[in-house]
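# Commentary on secondary and tertiary structure
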Amino acid sequence: MTGSRGSLTARLIARDLHHYRWLILGTAIAGAASLVLTRFGDGDGISTGPNVGFLLLLTTVIVLGVALPMLVLKEHETRSDLFVLSLPVSAAQYSFAKVASALAAFLLPWTALTGGAAAVTALSPAPDGSLPFFVATMTFLLVNFCLLMALTVITRSEPAAIAGILVTNFSVTVFMSRLARLPGVAGRSKDAVATWSPEVLAVLAVELVVILLSLALAFYVPSRRRDAL
Amino acid sequence: MTTTATPAIALRGVSKRYRFFALDDVSFRLEPGQILGFVGPNGAGKSTTIRILMALVRPDAGDVEVLGCRMPDEQVRAKREVGFVSEEMRLFPGATIGWHVGFVRSVFPGAWDDRYAARLLQRFHLHREQRVKGLSHGEQVKAALLLALARRPRLLVLDEPTVGLDPVARQEVIGELMEVVRDEERSILFSSHNTLDVEQICDQIAFIDRGRIVDSGDKEAFLERWRRLSLELPATIALPEVPGVVDVARSARTAVVTVNAFEEALPAAYQRAGAVVRDVQRMTLEEIFVATVMNRRKERGE
């Protein structure tokens, strides 16, 4: 890739990130507010504050993970992609830019929220026992985003994307209920120290593999497409 | 006109097959400085051909060169010199025209002409602050045309840019293209099913129908060789066999003969056969286009 080609791809990524800026900022603010909420109201015996805060955080990240692929799809459906493809950029470079910018737009708030929450939990005197559950769940949301992104850029189909949204959203509940039963997670939320059991590490490893596979497909398949439109 | 210079466009034996449509062995050249009207009915294959040219679609067979670059392999190099506007192209809805101008100018820093862009904004009654989502279809097309023209490309590829425009907007677009074609180095491929637009700005014509090029050549030559003759003759007289006759519409005492290889001697041939030649009419490009398409379909038994 020459410098000039690279610079246009980078410019397309920058353009997309600028386009997503309010979504990124909104997610970061709503996510941070949700995390703050988790610190309140733990004295009522039913953990209303932490539960509501965690639920709000999940919802915020899920919304971001759905909105980004749908915005990519919308650009194709409205034929704004035709304008970009009239510029000196190949369809492969264009699709690379779309996936890379959406991934960056997701990872920016996701990393800040997951890393921030984990760091604050680990560094505060509060119990760390819920950390494996939290990290595995947040990573599962990243998995869902990557799967949905791959599905959207490969199929470029709104019905397929909607089906993907339904399945991935439903899977969050199933995943969390299964995860809560794993050794190292079950009954450990009030533990002072987080237990990274082999089962939890296996879950994280599987999540990582699915993320890498999804991203590989999202980057590779559109770049090999014979017809860009 | 030279044919030795690197052609702006060269298509050789290009084919592309879809489930219900096939582009079949399409070949044509566009020389530097020429303006080619690519005319065909809806669904004829104009947009597919242009998508192949712009490397948006990969052909199943054939070779495509744009400004000496093999497509799609050298598309990035070729697209630096190509301005492409399509009727279905949309700009980013949330961004302003000014943002688009800045974006495209940053992609073509050496070629972008600020003064020309400002003049086009004024001519097309567009404003930098306007958001694309608030623009009418005509304004969107004009904005896209501005972005393509102000980078001063060597080749303009225009896919039905006047479709859906009101008569005034259409004339604004055509008027600007008339200015552009004064630049003798610049080539234009102008696809349309509107022959009036094509007749105004093009010097070369290619007709496409059902995925095949059915005729092509110099526009003036087209207009010169096509005629419609109105004859009066008794029902008992048979018309003589004359080369180039593509259609004869005959009633009891009259006949209308359409020819695509008119010569001055032709009326005399009919007169010798006993017919009275009432009128010899030049045909419009639209009439020629329709006659060509219908004749080819008849020849193929379609």
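Residues numbered from 1 in each chain as written. Chains lettered and ligands numbered in written order. Predicted model: local features only at pLDDT ≥ 70, side-chain atom pairs only at ≥ 80, totals over all residues. Heavy atoms only, no water.

## Looking at helix H10 (residues 285-299) of chain B
Stated formally: Elements are defined by DSSP. Helices are runs of H or I of four residues or more, strands are runs of E of two residues or more, and each kind is numbered from the N terminus. One fewer than the residue count of a helix, multiplied by 1.5 Å, yields its expected span. A simple rule labels every residue: compare its accessible area, found with a 1.4 Å probe on the protein chains alone, to the largest value its type can have, and call it buried under 20%, exposed over 50%, or partly exposed in between.
Over its 15 residues, H10(B) runs 21 Å from end to end, which matches the ideal 21 Å to within 8%, given 1.5 Å per residue. Among the residues of H10(B), those classed as buried are Leu285(B), Ile288(B), Phe289(B), Ala291(B), Thr292(B), Val293(B), Asn295(B) and Arg297(B).

## Overview of the sheet that holds strand S12 (residues 245-250) of chain B
All names here are of chain B. The test is simple: Strand pairing is assigned whenever DSSP identifies at least 2 bridges connecting the two strands. Axes here refer to lines fitted to C-alpha atoms; in helices the fit is confined to the stretch in contact. Angles between the N-to-C directions go from 0 to 180 degrees.
On the basis of which strands lie adjacent, the open sheet formed by four strands has the order S12-S13-S11-S14 and antiparallel pairing. Of all strands in the sheet, those with a lone pairing partner are S12 and strand S14 (276-282), marking the two edges. Across the sheet, the mean angle separating the axes of adjacent strands is 20 degrees when strand polarity is ignored. Judged from the five bridges that link them, S12 and strand S13 (residues 254-259) form a sheet pairing that is antiparallel.

## Here we look at the environment of Ala144(B)
All names here are of chain B. The condition that has to hold: Throughout, a residue-residue contact means that at least one pair of heavy atoms, one from each residue, lies within 4.5 Å.
Following the sequence through the fold, Ala-144 ends up in helix H5 (residues 137-149). For Ala-144, a relative accessible area of 6% translates into the label buried. C-alpha separation for the pair Ala-144 and Leu-36, spaced 108 residues apart in sequence, amounts to 20 Å. Ala-144 has contacts with Val-85, Met-89 and Leu-91, leaving out every residue within four places of it along the chain.

## Some details on the packing of aromatic side chains
Which entries qualify depends on this criterion: Centres within 6.5 Å are what make two rings of Phe, Tyr or Trp a pair, Trp counting through its six-membered ring; a difference in plane orientation under 30 degrees is then read as stacked, over 60 as edge-to-face, and the rest as tilted. Counting as a charge over the ring demands two things of the Lys NZ or Arg CZ atom: a distance within 6 Å of the ring centre and an angle within 35 degrees of the ring normal.
Under the counting rule described, the total for this entry stands at eleven aromatic pairs over all chains. For the pair Phe96(A) and Phe219(A), a centre-to-centre distance of 5.2 Å together with 40 degrees between the ring planes defines the contact as tilted. With Phe96(A) in helix H5 (residues 91-123) and Phe219(A) in helix H8 (residues 198-223), this residue pair connects regions lying 123 residues apart in the sequence. What makes Phe219(A) partly exposed here is its relative accessible area of 26%. Judged by centre distance (4.3 Å) and plane angle (5 degrees), the ring pair of Phe106(A) and Phe145(A) falls under stacked. Of this pair, Phe106(A) sits in helix H5 while Phe145(A) sits in helix H6 (residues 131-155), placing them 39 residues apart in sequence. In terms of burial, Phe106(A) and Phe145(A) fall into one category: buried. Of note, Arg225(B) hangs over the ring of Phe222(B), and the distance from its end group to the ring centre comes to 4.7 Å.

## Brief notes about the sheet that holds strand S1 (residues 9-17) of chain B
Strand-to-strand pairing in sheets goes through backbone hydrogen bonds, with the strands running parallel or antiparallel. All names here are of chain B. The four strands are arranged S2-S1-S4-S5 in an open sheet whose pairing can be described as antiparallel. The two strands at the open ends of the sheet, each matched to only one other strand, are strand S2 (22-30) and strand S5 (69-70). The pairing of S1 with strand S4 (residues 61-66) spans five bridges and is antiparallel. If you follow Ile-9 over to S4, its bridge partner there is Val-66. Helix-sheet contacts for helix H1 (residues 46-53) involve S1, S2 and S4, and the interaxial angle to S1 is about 115 degrees.

## Topic: unusual backbone geometry
Trans is the prevailing form of peptide bonds, just as negative phi is the prevailing case for residues other than glycine. Look at the link from Met71(B) to Pro72(B): it is a cis peptide, with omega at 5 degrees. Its location among the elements puts Pro72(B) in the loop between S5 and helix H2 (75-79). Although it is not a glycine, Arg156(A) sits at a positive phi angle of roughly 50 degrees. By the secondary structure assignment, Arg156(A) is in the loop between H6 and helix H7 (158-179).

## Comments concerning the domain arrangement of chain B
Convention followed: Source of the domain bounds: an automatic or database domain assignment.
Taken domain by domain, chain B holds domain 1 (9-221) and domain 2 (227-282). The distance between the C-alpha centroids of domain 1 of chain B and domain 2 of chain B comes to 40 Å.

## Considering the nonpolar core
Test applied: The set of buried Ala, Val, Leu, Ile, Met, Phe, Trp, Tyr and Cys residues whose side-chain atoms join them within 4.5 Å is what this entry labels a nonpolar core.
One finds Phe83(A), Val66(B), Leu155(B), Leu189(B), Phe190(B) and Phe207(B) to be the most contacted residues of the largest nonpolar core, which totals 104 residues. Of all the elements, H5(B) adds the most residues to this core, at eight residues. The contacts of Val66(B), once residues within four sequence positions are left out, are Ala8(B), Leu53(B), Met71(B), Ala78(B), Val82(B) and Leu155(B). Membership of the second largest hydrophobic core comes to 47 residues, among which are Ala105(A), Phe106(A), Ala117(A) and Leu142(A).

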